[in-house]
Amino acid sequence: MRLNKTIGILGGGQLAKMLAIAAANLGFNINIYCPDRDCPAAQVASKVIFGNYDDSDNLVAFAKNVDILTYEFENIDTKALEELDQQVEIRPSIKALKISQDRYTEKSYLNSLGIKTTQFYKIDSVADIEKLLNRLKKPILIKTRRLGYDGKGQVLIKNQDDINKYFLGKSLAPSIAEEVISFDRELSIIIVRDKKGNIKAFEPGENVHEHGILLTTTLPTSTSEVLKNNATIIAKKIVNDLGYIGVMGVEFFLKEQGLYVNEIAPRVHNSGHWTMDGSYSSQFQQHIRAIMDLPLLSTERHSDVIMYNLIGTVTSNLVNNELAKVYIYGKKDVLPGRKMGHVNLIKKKGS
Ligand code: AMP
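Focus: the overall build of the protein chain
When helices and strands are tallied, the protein chain shows 10 helices and 18 strands. In terms of C-alpha radius of gyration, the protein chain reaches 20 Å, essentially the compact-globule figure of 20 Å for 351 residues. Dimensions of the protein chain along its principal axes, counting C-alpha atoms only, are 65 × 55 × 40 Å. Burial analysis of the protein chain (351 residues in total) assigns 52% to the buried set.

If you want it as structure tokens, here you go:
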């Protein structure tokens, strides 16, 4: 049975592929818009339109044929999206996208809700970096305000030599400087909200990153119930304030019993892949249900789980493990640092 509704997804990567599978299982048609003919989502979509994200005409033509538009990544030109917004409802809203696209706007927004972030500073020139380093006299992380992900667009500056090495004679993209925080652990939460304001949150997972890239997400974490509840309260505050529709990922640093939000992602998130096998519903099902006005499902966890990203490889002992749930994204080229797939290793809850 087809529900005779078509969902458009901007982006054709692994997140779009897993969203498309969840949507197809509910009988929806899925149209994908992406620039890459070999994109993972093309393997499972009803239709794929190839085009660049700044090609307004092509985007508008794409949007004409869908009932709801969603996206799998946040670095889409909002000017083009504003045009699309006139034609079709975009869920989650452009407002959420705009906030999360710019690290300065994002952290300022979170602080305005009374949510703690690491200390951050606006950086518009190399001189700003020099002044700040002289004032703080401790290492700072320079991150580009836009287009950064998986640790890209980030450099650690400890002294003048580092400034010379990374920035001398180069033009600096608008950036922020962040204090380097020595956190105890990193957590993230996947939350979903529908149009009526119903909210479901998955249990927070513990994340390990290497070189800014997520390696593993583990559930359960040894984090206290109080902190897990606090993480949920913070995530709820954000989605309620935004009148958000869909799944959001919220990443936290945990330090001395305090939670600092590092980042919000207005979309399904890598640290939520464990939900595919560890919970009664997956983040992908929940996103599709929320944006299509279907009732949300239980987010209860039924198994202990470790999600391992396959980074720069599709071969691993994990892939042959008897208890492994394996997801290979089908990307054409295996490149260092590229997410090629993931494995969920599950076992009976509490065993
Ligand atoms: P981001 O792209 O901001 O999510 O950063 C990627 C990863 O780099 C984070 O998950 C942390 O492991 C690390 N990181 C980012 N910002 C900081 C910070 N201010 N202090 C310490 N580690 C950080």
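What about the pattern of salt bridges?
Pairs can form between side chains of opposite charge whenever their charged atoms are close. Enumeration according to the criterion identifies 16 salt bridges in this entry. Because the salt bridges share partners, they merge into one network encompassing Glu203, Glu225, Lys228, Arg301 and Asp304.

Let's talk about the domain arrangement of the protein chain
Assigned domains of the protein chain: these are domain 1 (6–90), domain 2 (119–179) and domain 3 (185–348). A separation of 34 Å is found between the C-alpha centroids of domain 1 and domain 2.

Thoughts on the packing of aromatic side chains
How two aromatic rings sit relative to each other is given by the distance of their centres and the angle of their planes. This structure, assessed with the given rule, holds seven aromatic pairs. Ring centres of Tyr33 and Phe62 lie 5.3 Å apart, and the angle between their planes is 65°; on these two criteria the pair is classed as edge-to-face. Taken together, the residues Tyr33 in strand S2 (residues 29–34) and Phe62 in helix H2 (residues 56–64) connect sequence positions 29 residues apart. On the basis of relative accessible area, Tyr33 is assigned to the buried category, the value being 0%. Between Phe202 and Trp274, the ring centres sit 5.9 Å apart and the planes meet at 80°, which makes this aromatic pair edge-to-face. Here Phe202, found in the loop between strand S11 (199–201) and strand S12 (205–210), pairs with Trp274, found in the loop between strand S15 (258–265) and helix H9 (275–278); they are 72 residues apart in sequence, far enough to count as distant. One exposure class covers both Phe202 and Trp274, and it is buried. Through a chain of ring-to-ring contacts, the aromatic side chains of Tyr33, Tyr53, Phe62 and Phe73 assemble into a single cluster. The ring centre of Tyr260 lies 4.9 Å from the NZ or CZ of Lys116, which sits over that ring.

Notes on the sheet that holds S2
If you walk across this open sheet you meet the five strands as S3-S2-S1-S4-S5, and the pairing is parallel. Each edge of the open sheet is held by one strand with a lone partner, namely strand S3 (47–50) and strand S5 (89–90). Here helix H1 (residues 14–25) sits on the sheet in contact with strand S1 (6–10) and S2, set at roughly 175° to S1.

Regarding the pairing of S12
Two strands pair when backbone bridges link them, and strand S10 (residues 185–193) and S12 are joined in this way by three bridges, in the antiparallel orientation. Bridged to Ser188 within S12 is Gly205. As consecutive antiparallel partners, S12 and strand S13 (residues 213–219) are separated by two residues, and within that stretch His211 has a phi angle of approximately 50°, a positive value.

Describing the sheet that holds strand S7 (residues 140–144)
The four strands are arranged S6-S9-S7-S8 in an open sheet whose pairing can be described as antiparallel. Edge positions in the open sheet fall to strand S6 (120–123) and strand S8 (154–157), since each of these has one partner strand only. For this sheet the average axis-to-axis angle between neighbouring strands, irrespective of direction, equals 25°. Along the sheet, helix H6 (residues 126–136) contacts S6, S7, S8 and strand S9 (175–179); its crossing angle with S6, the most-contacted strand, is approximately 150°. Of the strands in this sheet, S7 and S8 are in contact with helix H7 (residues 160–167), which crosses S8 at around 150°.

Overview of the site of the ligand
Lys143, Gln154, Glu178, Glu179 and Glu186 are the nearest of the 16 residues found near the ligand. Separating an oxygen atom of the ligand from a side-chain N or O atom of Glu186 is a distance of 2.5 Å. Coverage of the ligand by the protein amounts to 90% of the 480 Å² it exposes when considered alone. At the level of secondary structure, the elements contributing two or more residues to the shell around the ligand comprise S7, S9 and S15. Taken together, the residues that form the shell around the ligand break down as five nonpolar, five polar and six charged. The residues that make up the shell around the ligand include at least three from each of domain 2 (119–179) and domain 3 (185–348).

Some words on the side chain of Thr216
Turning to its location among the elements, Thr216 is positioned in strand S13. Residue contacts for Thr216: discarding those within four places in its chain leaves Glu206, Asn207, Val208, Ile306, Met307 and Tyr308.

What to know about helix H4 (residues 94–101)
Because an α-helix packs 3.6 residues into every turn, residues spaced three or four apart end up facing the same way. Of all eight residues that make up H4, six are buried, and the element is covered over most of its length. Those residues of H4 that fall on the buried side of the exposure criterion are Ile94, Ala96, Leu97, Ile99, Ser100 and Gln101. Contact partners of the buried residues in H4: strand S4 (68–71), helix H3 (78–85), S5, helix H5 (103–112), helix H8 (225–242) and S15.

Section: the packing of H4 against H5
Put simply, H4 and H5 touch, their axes get as near as 5 Å, and they point 110° apart. Comparing their axes, H5 and H4 come out roughly perpendicular. Between H4, through Ile99, Ser100 and Gln101, and H5, the contact on the second element is made entirely by Arg103, Thr105, Glu106 and Tyr109. Partitioned by chemical class, the residues of the contact of H4 with H5 number two nonpolar, three polar and two charged.

Each value, and the rule that gives it
- Residues numbered from 1 in each chain as written.
- Predicted model: local features only at pLDDT ≥ 70, side-chain atom pairs only at ≥ 80, totals over all residues.
- Heavy atoms only, no water.
- Helix = DSSP H or I, 4+ residues; strand = E, 2+ residues; numbered from the N terminus.
- Rg over C-alpha atoms; globule rule 2.2 N^0.38 Å.
- Buried < 20%, exposed > 50% of the residue type's maximum accessible area, 1.4 Å probe, protein only.
- Salt bridge = Lys/Arg side-chain N within 4 Å of Asp/Glu carboxyl O.
- Domains from an automatic or database assignment.
- Phe/Tyr/Trp six-rings, centres within 6.5 Å; stacked < 30°, edge-to-face > 60°.
- Lys NZ or Arg CZ within 6 Å of the ring centre and 35° of its normal.
- Pairing = 2+ DSSP bridges.
- Contact = heavy atoms within 4.5 Å.
- Axes fitted to C-alpha atoms, helices over the stretch in contact; angles between N-to-C directions.
- Near = heavy atom within 4 Å.
- Polar contact = N/O pair within 3.5 Å; in protein donor to acceptor, adjacent residues only side chain to side chain.
- Areas by Shrake-Rupley, 256 points an atom, 1.4 Å probe, with all protein chains shown as cover.
- Nonpolar A, V, L, I, M, F, W, Y, C, P; charged D, E, K, R; others polar.
- Parallel < 35°, antiparallel > 145°, perpendicular 65-115°, else oblique.

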